[in-house]
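Observations on the model geometry
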Amino acid sequence: MTLAGLSRRSGIAAPNLSLIERGLTDPRWSTIERICDALGVRANLTGDGGSDPWARLRRKAERGEDVRD
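Computed from a predicted model, the values in this text were never measured in an experiment. Sequence order as written defines residue numbering, which begins from 1 separately in each chain. Owing to the predicted nature of the model, reporting of local features is limited to residues with pLDDT of at least 70; listing and counting of side-chain atom pairs is limited to 80 or more, with chain, interface and lining totals taken over all residues. The basis for every side-chain value is the complete set of non-hydrogen atoms in the structure, without hydrogens or water.

Residues forming no salt bridge and having over 30% relative accessible area are the ones grouped into patches, like charges within 9 Å of each other and nonpolar side chains (Val, Leu, Ile, Met, Phe, Trp, Tyr) within 5 Å. The method behind every accessible area is Shrake-Rupley, applied with a 1.4 Å probe, and residues are considered shielded solely by the protein chains displayed. Between Lys or Arg on one side and Asp or Glu on the other, a salt bridge is scored when a side-chain nitrogen of the former is within 4 Å of a carboxyl oxygen of the latter. A cluster of nonpolar residues, Met 1, Leu 39 and Val 41, forms a patch on the protein surface that exposes about 300 Å² of accessible area. Secondary structure elements follow DSSP: runs of H or I of four or more residues count as helices, runs of E of two or more count as strands, with numbering from the N terminus. Inspection of the secondary structure assignment puts Leu 39 in helix 3 (residues 29-39). Summary of the burial criterion: residues with accessible area below 20% of their type's maximum are buried, those above 50% are exposed, and those between are partly exposed, where the area comes from a 1.4 Å probe applied to protein chains only. For Leu 39, a relative accessible area of 44% gives the class partly exposed.

Looking now at the packing of helix 1 (residues 3-10) against helix 2 (residues 14-21). To obtain an axis, a line is fitted to C-alpha atoms, over the contacting stretch when the element is a helix, and the angle between two such axes runs from 0 to 180 degrees between their N-to-C directions. Between helix 1 and helix 2, whose axes approach to 9 Å, the crossing angle comes to 115°. If you check the angle between helix 1 and helix 2, you find them roughly perpendicular. Where helix 1 crosses over helix 2, the handedness of that crossing is right-handed. Of helix 2, the residues touching helix 1 (which contributes Leu 3, Leu 6, Ser 7 and Ser 10) are Ala 14, Leu 17, Ser 18 and Glu 21. Gly counts as polar in this scheme, as do all residues outside two lists: the nonpolar Ala, Val, Leu, Ile, Met, Phe, Trp, Tyr, Cys and Pro, and the charged Asp, Glu, Lys and Arg. The residue inventory of the contact of helix 1 with helix 2, partitioned by class, reads four nonpolar, three polar and one charged. An angle counts as roughly parallel when it lies under 35 degrees, as roughly antiparallel when it exceeds 145, as roughly perpendicular when it falls between 65 and 115, and as oblique in every other case. Here a crossing is called left-handed whenever its near helix is offset anticlockwise from the far helix by less than a right angle, and right-handed whenever the offset is clockwise. Contacts were defined at the residue level, with two residues in contact if any of their heavy atoms lie within 4.5 Å.

Moving on, we come to the confidence of the model for the protein. In regions of low pLDDT, the predicted coordinates are not meant to be interpreted in detail. Overall, the prediction assigns the protein a mean pLDDT of 82, with 81% of residues at 70 or greater. No element of the protein has a lower mean pLDDT than helix 4 (residues 55-62), at 76, and none a higher one than helix 1, at 95. Confidence per residue, as judged by the predictor, is encoded in pLDDT with a range of 0 to 100.

With their axes 9 Å apart at the nearest point, helix 1 and helix 3 run at an angle of 105° to one another. Taken together, the axes of helix 1 and helix 3 are roughly perpendicular relative to one another. Note on element contacts: helix 3 touches helix 1 through Arg 34, Ile 35, Ala 38 and Leu 39, opposite Leu 6, Arg 9 and Ser 10. Grouping the constituent residues of the contact of helix 1 with helix 3 by class yields four nonpolar, one polar and two charged.

Next comes the structure, spelled out in structure tokens:
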């Protein structure tokens with residue numbers, strides 16, 4: 001999918017998606033959810049961390065640690 005297509009589906013401006021894609025900005029959880037919805041995938045932001053890819057990042061963020069790694 002192109003950035004223009006994802007932008008149309010998600011309602012997020014293409015330049016902003018480009019910044020996210022290149023790792024130049026940290027998106028909000030709500031932005032991640034909009035991108036996932038547009039791509040037709042599920043954003044699993046809950047759980048105990050066993051199968052939750054976001055759990056480690058949430059725990060780091062809750063401790064005030066840098067989550068950009």
